[in-house]
Structures are given as C-alpha cells and as structure tokens.
Amino acid sequence: MTDSLPPVRHLESDQAFVMDFAEGRAMITYDRRPGVIRFLHTEVPDLLQGQGIAAGLARFVLAFSRDAGLEVLPLCPYVKAYIERHPDWRDVVSPGFDWSRGG
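Everything numeric here is computed off the predicted structure, so don't read it as measured data.

A. Structural view of the overall build of the protein chain. Assigned secondary structure in the protein chain consists of two helices and five strands. Reading the protein chain from its N end, one meets helices and strands in the order β-β-β-β-α-β-α. For the protein chain, whose C-alpha radius of gyration is 13 Å, the value lies close to the compact-globule estimate of 13 Å for 103 residues. If one aligns the C-alpha atoms of the protein chain with their principal axes, the spans along those axes are about 40 × 30 × 20 Å. Relative to its 103 residues, the protein chain shows a buried fraction of 43%. Contacts spanning at least 24 positions in sequence make up 39% of the contacts within the protein chain whose residues lie at least 6 apart.

B. Representation of the nonpolar core within the structure. In this structure, Phe39 and Leu62 are the most contacted members of the largest nonpolar core, which totals 30 residues. Secondary-structure elements contributing two or more residues to this core are strand S2 (16-21), strand S3 (24-33), strand S4 (36-43), helix H1 (53-68), strand S5 (71-74) and helix H2 (77-85). Sorting elements by how many residues they give to this core places H1 first, with seven residues.

C. Highlighting the packing of aromatic side chains. Following the criterion strictly, the structure yields five aromatic pairs and no others. Plain terms: the ring middles of Phe97 and Trp99 are 4.9 Å apart, the flat faces sit at 85 degrees to each other, and that makes the pair edge-to-face. With relative accessibility at 6%, the residue Phe97 sits in the buried group. Taking the ring centre of Trp99 as reference, the NZ or CZ of Arg90 above it sits at 4.1 Å.

D. Examining the pairing of S5 more closely. Two elements, S4 and S5, share four bridges in a ladder whose sense is parallel. The residue of S5 that forms the bridge with Val36 is Glu71.

E. Broad picture of the pairing of S4. With seven bridges joining them, S3 and S4 adopt antiparallel strand pairing. Bridging from a neighbouring strand, Thr29 pairs with His41 of S4. Hairpin connection of S3 to S4: two residues between the antiparallel strands, including Gly35 at a positive phi of 80 degrees. The β-α-β motif built from S4, the intervening H1 and the parallel element S5 has right-handed crossover chirality.

F. Looking closely at the sheet that holds strand S1 (residues 9-11). In space, the five strands of this open sheet follow the order S1-S2-S3-S4-S5, with mixed pairing throughout. Each edge of the open sheet carries a strand with a single partner, namely S1 and S5. Ignoring strand direction, the axes of neighbouring strands in this sheet form an average angle of 30 degrees.

Conventions and cut-offs
Residues numbered from 1 in each chain as written. Predicted model: local features only at pLDDT ≥ 70, side-chain atom pairs only at ≥ 80, totals over all residues. Heavy atoms only, no water. Helix = DSSP H or I, 4+ residues; strand = E, 2+ residues; numbered from the N terminus. Rg over C-alpha atoms; globule rule 2.2 N^0.38 Å. Buried < 20%, exposed > 50% of the residue type's maximum accessible area, 1.4 Å probe, protein only. Contact = heavy atoms within 4.5 Å. Core = buried A, V, L, I, M, F, W, Y, C linked by side-chain atoms within 4.5 Å. Phe/Tyr/Trp six-rings, centres within 6.5 Å; stacked < 30°, edge-to-face > 60°. Lys NZ or Arg CZ within 6 Å of the ring centre and 35° of its normal. Pairing = 2+ DSSP bridges. Right-handed = clockwise from strand over helix to strand, strands pointing away. Axes fitted to C-alpha atoms, helices over the stretch in contact; angles between N-to-C directions.

What follows is the structure, given as structure tokens:
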C-alpha cells in the first residue's frame with residue numbers, strides 16, 4: 001500500500017499532518033513552539049493498519065521538521081519507535097530528549 005499513499009496535508013490550524021482515505025483519516029498531531037515541534041499522537045484507522053501508513057506519515061513529518069530546521073521531541077510512542085528503528089532521523093531530535101523516559 002505504501003506505493004499508493006495519498007498526499008500528506010498539513011493542517012496548521014488543527015496542528016496535524018493528515019492523509020485522507022475512504023476508510024477514514026490517518027494523522028500525526030503536534031504542538032509547535034519556536035524552533036521545536038513535539039509530535040504527540042499517531043492515529044491510523046483500524047482497517048488501514050499494517051499497510052505502512054504510519055511509517056509514511058512519520059517520514060513526512062520528520063522530513064518536514066528537518067527542512068524547517070526544527071528540533072523534534074518525539075513524545076508520540078510511534079514516532080519515537082520509528083526514529084529508534086531508523087537512526088538516520090536522530091539528527092532532528094532535540095539534544096535534550098530523554099530516550100529512556102520519552103521526553
């Protein structure tokens with residue numbers, strides 16, 4: 001399914017990055033402060049889980065953060081686990097992030 005994912009939309013007013021499907025909306029929510037973005041929650045509709053959608057969203061939001069020069073605080077367990085599985089994204093994580101506590 002990852003080859004045919006819909007585009008990610010950034011809904012700044014909702015503080016979310018979303019993908020819309022007939023089955024529902026997948027999203028990563030965030031909170032942004034000057035120079036820092038905190039990823040809070042990843043959600044994928046039940047019928048779409050296991051198809052690489054959350055991973056696609058995670059790649060997108062991390063690339064967005066890197067391009068914008070933002071430090072990432074991966075408070076969302078999924079985003080944190082994604083970075084742990086893909087250490088090439090560690091450079092965007094805030095140097096003060098406590099990996100053992102998740103914050």
